[in-house]
Amino acid sequence: MSSSSRKLEVVSPVPADIDIANSVEPLHISEIAKDLNINPLHYDLYGKYKAKVLLSAFNELQGQEDGYYVVVGGITPTPLGEGKSTTTVGLCQALGAYLDKKVVTCLRQPSQGPTFGIKGGAAGGGYSQVIPMDEFNLHLTGDIHAITASNNLLAAAIDTRIFHETSQSDKALFNRLCPPNKEGKRSFSDIMFRRLTKLGISKTTPEELTPEEIKKFARLDIDPASITWRRVMDVNDRFLRKITIGQGPEEKGMTRETGFDISVASEIMAVLALTTSLGDMRERLGKMVIGNSKAGDPITADDLGVGGALTVLMKDAINPTLMQTLEGTPVLVHAGPFANIAHGNSSVVADKIALKLVGPGGFVVTEAGFGSDIGTEKFMNIKCRYSGLTPQCAIVVATVRALKMHGGGPDVVAGRPLDRAYVSENVSLVEAGCVNLAKHISNTKAYGVNVVVAVNMFSTDTEAELNAVRKFSMDAGAFDAVVCSHHAHGGKGAVDLGIAVEKACQNITQPLRFLYPLDISIKDKIEAIAKSYGASGVEYSEQAEKQIEMYTQQGFSNLPICMSKTQYSFSHDASKKGAPSGFVLPIRDVRGSIGAGFIYPLVGTMSTMPGLPTRPCFYEIDIDTETGKVRGLS
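First, a word on what this report is: a plain description of the structure on this page. Everything quoted here is computed from the prediction, not taken from an experiment. (Residues numbered from 1 in each chain as written. Predicted model: local features only at pLDDT ≥ 70, side-chain atom pairs only at ≥ 80, totals over all residues. Heavy atoms only, no water.)

A few points about the overall build of the protein chain
Next up, step 1: In terms of helices and strands, the protein chain carries 22 helices and 24 strands.
Next up, step 2: Scaling as 2.2 N^0.38, a compact globule of 634 residues should have a C-alpha radius of gyration of about 26 Å, and the protein chain matches this with 25 Å.
Next up, step 3: Its C-alpha atoms give the protein chain principal-axis dimensions of about 80 × 55 × 50 Å.
Next up, step 4: When burial is assessed residue by residue, the protein chain has 57% of its 634 residues classed as buried.
Next up, step 5: Of the contacts formed within the protein chain by residues at least 6 apart in sequence, a portion of 75% connects residues at least 24 apart.
Next up, step 6: By element, 52% of the accessible surface of the protein chain is carried by carbon and sulfur atoms, the whole surface being about 25000 Å².
Next up, step 7: Put simply, the protein chain has 64 plus and 68 minus side-chain charges, and the middle of one group is 3 Å from the middle of the other. (Helix = DSSP H or I, 4+ residues; strand = E, 2+ residues; numbered from the N terminus. Rg over C-alpha atoms; globule rule 2.2 N^0.38 Å. Buried < 20%, exposed > 50% of the residue type's maximum accessible area, 1.4 Å probe, protein only. Contact = heavy atoms within 4.5 Å. Areas by Shrake-Rupley, 256 points an atom, 1.4 Å probe, with all protein chains shown as cover. Lys, Arg positive; Asp, Glu negative; His and termini not counted. Charge placed at Lys NZ, Arg CZ, Asp CG, Glu CD.)

In structure tokens form, the structure reads like this:
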């Protein structure tokens, strides 16, 4: 056991998450860093319990061999979630505190939307949590605020540029973009050379440009109807989904309909999660496409002159945040991209640093959002493509509750008591729902990794039900299937899972296989993913056809695909449980996150700004004014 690991004193019944989190005094984060052999020069302290690990840590360890790489996905969940984060944390507690392995947990940073909305936080649960839980679920080290600021700076730049272009001649616009200095000399700023190069203009001083070149350079001629960039904020606010801007008298009637997304849906968040270095992030931010010119050419952040400023706002956010679990094992928290319209995985940077820190024989366990049809698929085909990393093991988290729902059980609705079917033994209902589990196992195995099923046990599950899931998993081709009780017992409840994962990593024999090559058409890639869901074909709207043609003409057809669909079914219809097949997948629209590096087709309607329910989580959240401790977070 590492020097910073500690055993928990568990009680039954399991207390509230925040009460458990507050009952354990976290170690000073420097102790966690020391246990990982992180040089103090390579991290910055953010208080006593958090630190930013600098990218220089990776540079120092580049010669070090990587540890084992494990991804945690799940079956198609109920709206209550099946405990992927809890399983990820519990497994790492087992590996570090009980099996004496070097381990790092890599998790996404939670959004304040769910924290104060309907779902609660994302620190894990029970005796498998990241602490301090309140800091993890709230501002952390400000990364989401940095994303919000940079996203909205770009939004302001777009509308301001349209405003100034509307009211000025080409010459006046150019003169203001390249004003003379005190000596009367004019020059291009560094970022302007990016636009000049894009336009094929090799001249180096403003005086050399012809009137035609001045017009091409200075006038972006943005088509307002094509703008895809929206403002963001990190709370659920349904009334900002659609707004009208530009109603002030100084804006001279230049109104435009737009809206807000939640901050974690910003493309800048997806960029942060997929970037590999500060230089790479600078390039990706500059390449983000905000819309088109009236001639149909893509307009980027660098065309607007703002790519460098965005990177400056994001320069600290690129460093992952070091935290700890209840049992003193290390956690890297970094990025939190929306798992529908983006790829729903924590950052490449955190995983790369962690793999070097744990070294040969150590483990890095990272979580992929939602079921494996969304999270694990995007982990493999997008994240692993950009990182160059290969996982040895993929976990599929399953619960008896979700399998009963897939077997035909009544609807599971957040906020309502569970139907009796979910709290009393019904083996046949579990077995009927295992078709969903089997599909997730076969889809995940297709990537060439060993699949371990983690059956996240609830107190109402019976031995016969749990045995049925284990047997079905093995028959479906899982490397192993293990019942876990980490929610109730911490790492001790996931020791068998840790042993199974180690064996799976040691017995990998195949290279990583992607679902599709990048050099096929956008439609062929979409259809390969749809087929993996069980679809018999794909149907494209007129808008989707138009966008696919445009992205192909603009040279973006070689990007991977990030499907935006419901997490509650393999299909586009959330009511279709189990493993539906033979359906036609409708593609409503196709959009691009060009800087992040993917095309995302919209399957049905995806809300990128959630709303608050009648009784949000914030009703429970308060502070003890005597101690300063947060109460009611879940």
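That was the structure; now back to the text.
A short note on the environment of P610
Next up, step 1: Mapping P610 onto the fold places it in the loop between β22 (598-602) and β23 (622-623).
Next up, step 2: For P610, a relative accessible area of 25% corresponds to the partly exposed category.
Next up, step 3: With 394 residues separating them along the chain, P610 and K216 place their C-alpha atoms 40 Å apart.
Next up, step 4: Sequence-distant contacts of P610, that is, excluding residues within four places in its chain, are made with N236, D237, R238, R241 and I262.

Points about the packing of aromatic side chains
Next up, step 1: For the structure on display, the rule yields eight aromatic pairs.
Next up, step 2: Consider the rings of Y69 and F379, whose centres lie 5.6 Å apart with planes at 50°: the pair is tilted. Taken together, the residues Y69 in strand β3 (residues 68-74) and F379 in helix α15 (residues 375-387) connect sequence positions 310 residues apart.
Next up, step 3: Overall, Y69 belongs to the buried group, its relative accessible area being 1%.
Next up, step 4: Taken together, a centroid distance of 5.4 Å and an interplanar angle of 65° make the contact between F188 and F217 edge-to-face. With F188 in the loop between α8 (170-177) and α9 (190-198) and F217 in helix α10 (residues 211-218), this pair connects stretches of sequence that are 29 residues apart.
Next up, step 5: Judged by its relative accessible area of 6%, F188 falls in the buried class.
Next up, step 6: The buried category is assigned to F217, whose relative accessible area is 3%. (Phe/Tyr/Trp six-rings, centres within 6.5 Å; stacked < 30°, edge-to-face > 60°.)

Here's the deal with the side chain of T148
Next up, step 1: Looking at the element boundaries, T148 is found in helix α7 (residues 143-167).
Next up, step 2: A residue is classified by how much of its surface remains accessible, and T148, at 15% relative accessible area, is buried.
Next up, step 3: In this structure, T148 is in contact with V232, M233 and S263, ignoring residues within four places of it in sequence.

Thoughts on the packing of helix α17 (residues 427-445) against helix α18 (residues 463-475)
Next up, step 1: α18 packs onto α17 with a crossing angle of 30° between their chain directions and a minimal axis gap of 9 Å. If you check the angle between α17 and α18, you find them roughly parallel. The interaxial crossing formed by α17 with α18 has right-handed handedness. Of the residues in α18, those touching α17 at V427, V430, E431, C434, V435, L437, A438 and I441 are A464, E465, A468, V469, F472 and S473.
Next up, step 2: Looking at the contact of α17 with α18 residue by residue, the class counts come to 11 nonpolar, one polar and two charged. (Axes fitted to C-alpha atoms, helices over the stretch in contact; angles between N-to-C directions. Parallel < 35°, antiparallel > 145°, perpendicular 65-115°, else oblique. Left-handed = near helix turned anticlockwise from the far one by under 90°. Nonpolar A, V, L, I, M, F, W, Y, C, P; charged D, E, K, R; others polar.)

Details of the pattern of salt bridges
Side-chain pairs of opposite charge can arise whenever the charged atoms involved come near each other.
Next up, step 1: Under the counting rule described, the total for this entry stands at 27 salt bridges.
Next up, step 2: Of the charged contacts in the structure, one is a salt bridge between K84 and E367, with a shortest N-O distance of 3.9 Å. Of this pair, K84 sits in helix α4 (residues 84-98) while E367 sits in strand β15 (residues 363-367), and the two are 283 residues apart along the sequence.
Next up, step 3: Among the residues examined, E367 registers a relative accessible area of 8% and is labelled buried. (Salt bridge = Lys/Arg side-chain N within 4 Å of Asp/Glu carboxyl O.)

Regarding the nonpolar core
Next up, step 1: Ranked by size, the top nonpolar core spans 84 residues in total, and within it L154 and L322 carry the most contacts.
Next up, step 2: In contact with L154, not counting residues within four places along its chain, are W229, M288, I290, A301, L304, V306 and L310.
Next up, step 3: In this structure, I526, I548, Y551 and V603 belong to the second largest nonpolar core, which totals 25 residues. (Core = buried A, V, L, I, M, F, W, Y, C linked by side-chain atoms within 4.5 Å.)

Structural notes on unusual backbone geometry
Among all residues except glycine, the phi angle is most often negative; among peptide bonds, the trans geometry is most common.
Next up, step 1: The step from S12 to P13 runs through a cis peptide bond, and the omega angle for that step is 0°.
Next up, step 2: Among the structural elements, P13 can be located in the segment before α1 (17-23).
Next up, step 3: Of the consecutive residues I131 and P132, the connecting peptide bond is found in the cis state with omega at -5°.
Next up, step 4: Within the secondary structure layout, P132 lies in the loop between β6 (128-131) and α6 (133-137).
Next up, step 5: The backbone of D221 sits at a positive phi, close to 55°, despite the residue not being glycine.
Next up, step 6: Along the chain, D221 turns up in the loop between α10 and β7 (231-233).
Next up, step 7: Residue classification places D221 among the partly exposed positions, given a relative accessible area of 31%.

Regarding the pairing of strand β11 (residues 289-292)
Next up, step 1: Bridge analysis of β11 against strand β12 (residues 298-300) gives three bridges, and the strand direction is antiparallel. Bridge assignment links G291 to a residue of β12, and that residue is I299.
Next up, step 2: Connecting β11 to the antiparallel partner β12 that follows it, the hairpin turn spans five residues, and G296 within it adopts a positive phi of roughly 95°. (Pairing = 2+ DSSP bridges.)

Describing the environment of M323
Next up, step 1: In this structure, M323 sits in strand β13 (residues 321-325).
Next up, step 2: Sequence spacing of M323 and I29 is 294 residues, and the spatial spacing of their C-alpha atoms is 6.8 Å.

Considering the environment of F239
Next up, step 1: Mapped onto the elements of the fold, F239 is located in the loop between β7 and β8 (243-245).
Next up, step 2: Given the relative accessible area of 70%, F239 is considered exposed.
Next up, step 3: Expressed as a C-alpha distance, the spacing of F239 and N39, which sit 200 residues apart in the sequence, is 47 Å.

What about the pairing of β22?
Next up, step 1: In terms of burial, β22 is largely enclosed, as five of its five residues are buried.
Next up, step 2: Going residue by residue along β22, you find F598, Y600 and L602 tucked away on one face and I599 and P601 tucked away on the opposite face as well.
Next up, step 3: Sheet topology places strand β21 (residues 589-593) next to β22; five bridges connect them, and they run antiparallel. Note on β22: the bridge partner recorded for V590 is P601.
Next up, step 4: Hairpin geometry of β21 and β22 is characterised by an intervening segment of four residues between the two adjacent antiparallel strands and by a positive phi of about 110° at G597.

Shape descriptors only; they carry no functional weight alone.
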